[in-house]
Amino acid sequence: VFFSAKGKGDDAHFVYEDYVQKWLDLIRGAYLETAVDELKLGAQRPPMPFSDGRLLNVLNHTIWFLPNVASCEAMRNLLARNNFYRDYTVNCCAGTRAGIGLAALEPVQKSMKDPLSTKTITLTCGKLTTGVTVKPWSGIFMLRNLKSPETYFQAAFRVQSPWEIDGEVMKEEVYVFDFALDRALKQIADYSCRLNPDLSASPEKKVEEFISFLPVLAYDGAKMTQINAAEILDFAMSGTSATLLARRWESALLVNVEKREGRQPHRKGKEGTDGGRETVQVSAQTDSGKADQICYPRTDLHVSDRFPRADPCGRDHTAGARAFQEGHRSGCEGL
């Protein structure tokens, strides 16, 4: 649905073009709305394909697996309007104009010329994903829903073709990028169990053997980590795993330190004053989009929490927050 498109040829465009543009900005590390989050995460921020130096030097030639012909043509048109991607030669291998069978391969190979000095992006919705070897491909973006694990991994293994020049290995690592974690892990769990027909082996053992050749790195909202077979099976069954869920509580994104300086003389007893002390502002976001501001003296940490103004039973949480505030103030005055 995300990459659904309308139109043909130069008139093709995405239904949610603004969001696809944001995704293009995201994978090159230029999405402004994540800038603050990246500052909080620091060294733990996830490496994006076209922004991280370790990946950028490797992913000179990639293939993007999209849902249909219209999506491929819409992506080609959108990439042509982005200054960053103008350094890449975009090959749209979709539709009858791209050729049938191996005829679609020749334009891709010609566009690479000297693969060490060129950059290409190949857009496809099925062509060149089986029975074809393109050695310079080092990464594939899985941007469509596939029900068949065989089709998924047949396409993924296109980037595993060895590439050597004069005996020197030019491609030591290859990458499969999937932005739907549940989809990718379900495919791995299903495919690894089908590969090993041994009934005595447990599913966890089968998955463990498979990911020893294809390690899985997942960004869980806190940091990029390698996940094991048990977590993959948990994710395939329930949509998440206990370990990944627990790690989210360690994320730096949950903490927002925001100090407010009030260098005024201490005035005791006046409602709403902070007494000249350095206070911390805590925002409790309500459903209406407004924030109830609660000042907690003698604290240095700001934790942002979101809760509804009223729960299903009709109780008002903001009223409880105000009661807590009054009780906290009276307790401080008694100290």
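Keep in mind that what you see is a predicted model, and the values were worked out from it rather than measured.

Reading guide: rules and limits
- Residues numbered from 1 in each chain as written.
- Predicted model: local features only at pLDDT ≥ 70, side-chain atom pairs only at ≥ 80, totals over all residues.
- Heavy atoms only, no water.
- Helix = DSSP H or I, 4+ residues; strand = E, 2+ residues; numbered from the N terminus.
- Buried < 20%, exposed > 50% of the residue type's maximum accessible area, 1.4 Å probe, protein only.
- Contact = heavy atoms within 4.5 Å.
- Areas by Shrake-Rupley, 256 points an atom, 1.4 Å probe, with all protein chains shown as cover.
- Salt bridge = Lys/Arg side-chain N within 4 Å of Asp/Glu carboxyl O.
- Patch = residues over 30% accessible without salt bridge, like charges linked within 9 Å, V, L, I, M, F, W, Y side chains within 5 Å.
- Pairing = 2+ DSSP bridges.
- Phe/Tyr/Trp six-rings, centres within 6.5 Å; stacked < 30°, edge-to-face > 60°.
- Axes fitted to C-alpha atoms, helices over the stretch in contact; angles between N-to-C directions.
- Core = buried A, V, L, I, M, F, W, Y, C linked by side-chain atoms within 4.5 Å.

Broken down by element type, the protein carries 11 helices and 15 strands. Among the 335 residues that make up the protein, the fraction classed as buried is 40%. Put simply, of all contacts in the protein between residues at least 6 apart along the chain, 59% involve residues at least 24 apart. Accessible surface for the protein amounts to roughly 19,400 Å². Of this, 53% is attributable to carbon and sulfur atoms.

It is worth spelling out the pattern of salt bridges at this point. For the structure shown, the criterion picks out 9 salt bridges. Where Glu 106 meets Lys 110, a salt bridge forms, and the shortest distance between an N and an O atom there is 3.2 Å. Of this pair, Glu 106 and Lys 110 both sit in helix H5 (residues 105–112), separated by 4 residues, roughly a single helical turn. We classify Lys 110 as exposed; its relative accessible area is 56%. A single network of salt bridges, built from pairs that share partners, joins Glu 150, Asp 190 and Arg 194.

On to a nonpolar patch on the surface, then. Together, Val 1, Phe 2, Val 15, Tyr 16 and Tyr 19 give the surface a local cluster of nonpolar side chains, amounting to about 520 Å² of exposed area. Looking at the secondary structure, you find Val 1 in the segment before strand S1 (5–6).

On to the pairing of strand S6 (residues 139–142), then. Both faces of S6 are covered, namely the face carrying Gly 139 and Phe 141 and the face carrying Ile 140 and Met 142. Pairing between strand S3 (residues 61–65) and S6: 4 bridges, direction parallel. Paired with Trp 64 across the two strands is Phe 141, which belongs to S6. Sheet topology note: the S6/strand S9 (residues 175–178) ladder contains 4 bridges and is parallel. When the sheet's bridge partners are listed, Gly 139 is paired in S9 with Tyr 175.

Let's shift gears to the packing of aromatic side chains. For the structure on display, the rule yields 21 aromatic pairs. With centroids separated by 5.5 Å and ring planes inclined at 85°, the aromatic side chains of Phe 153 and Phe 210 adopt a geometry described as edge-to-face. Residue Phe 153 is located in helix H6 (residues 149–156), and its partner Phe 210 is located in helix H8 (residues 203–211); the two are separated by 57 residues in the primary sequence. The two residues Phe 153 and Phe 210 agree in class, both being buried.

A few words now on the sheet that holds strand S4 (residues 89–93). Strand order across the open sheet formed by 5 strands is S4-S5-S3-S6-S9, with parallel pairing between neighbours. In this open sheet, the two edge strands, each paired with only one partner strand, are S4 and S9. If you compare each strand with its neighbour and ignore which way they point, the axes differ by 20° on average. The sheet contact formed by S3 and strand S5 (residues 120–124) spans 5 bridges and is parallel. Each bridged residue has a counterpart across the sheet, and for Ile 63 the counterpart in S5 is Thr 122. Those strands touched by H5 are S3, S4 and S5, and its axis lies near 175° from that of S4. Contacts from H6 reach S3, S6 and S9 within the one sheet, and its direction differs from that of S6 by about 150°.

Before going further, it helps to spend a moment on the nonpolar core. Ranked by size, the top nonpolar core spans 33 residues in total, and within it Leu 128, Trp 137, Ile 188, Ile 211 and Ile 232 carry the most contacts. For this core, the secondary-structure elements that each account for two or more residues are S3, H5, S6, H6, helix H7 (181–195), H8 and helix H9 (229–238). Broken down by element, the residue count for this core peaks at 5 residues, all from H7. Ile 188 has contacts with Phe 153, Phe 210, Ile 211, Val 216 and Ile 232, leaving out every residue within four places of it along the chain. The next biggest cluster of nonpolar side chains, apart from the first, holds 28 residues, and it includes Phe 3, Leu 24, Leu 66 and Cys 92.

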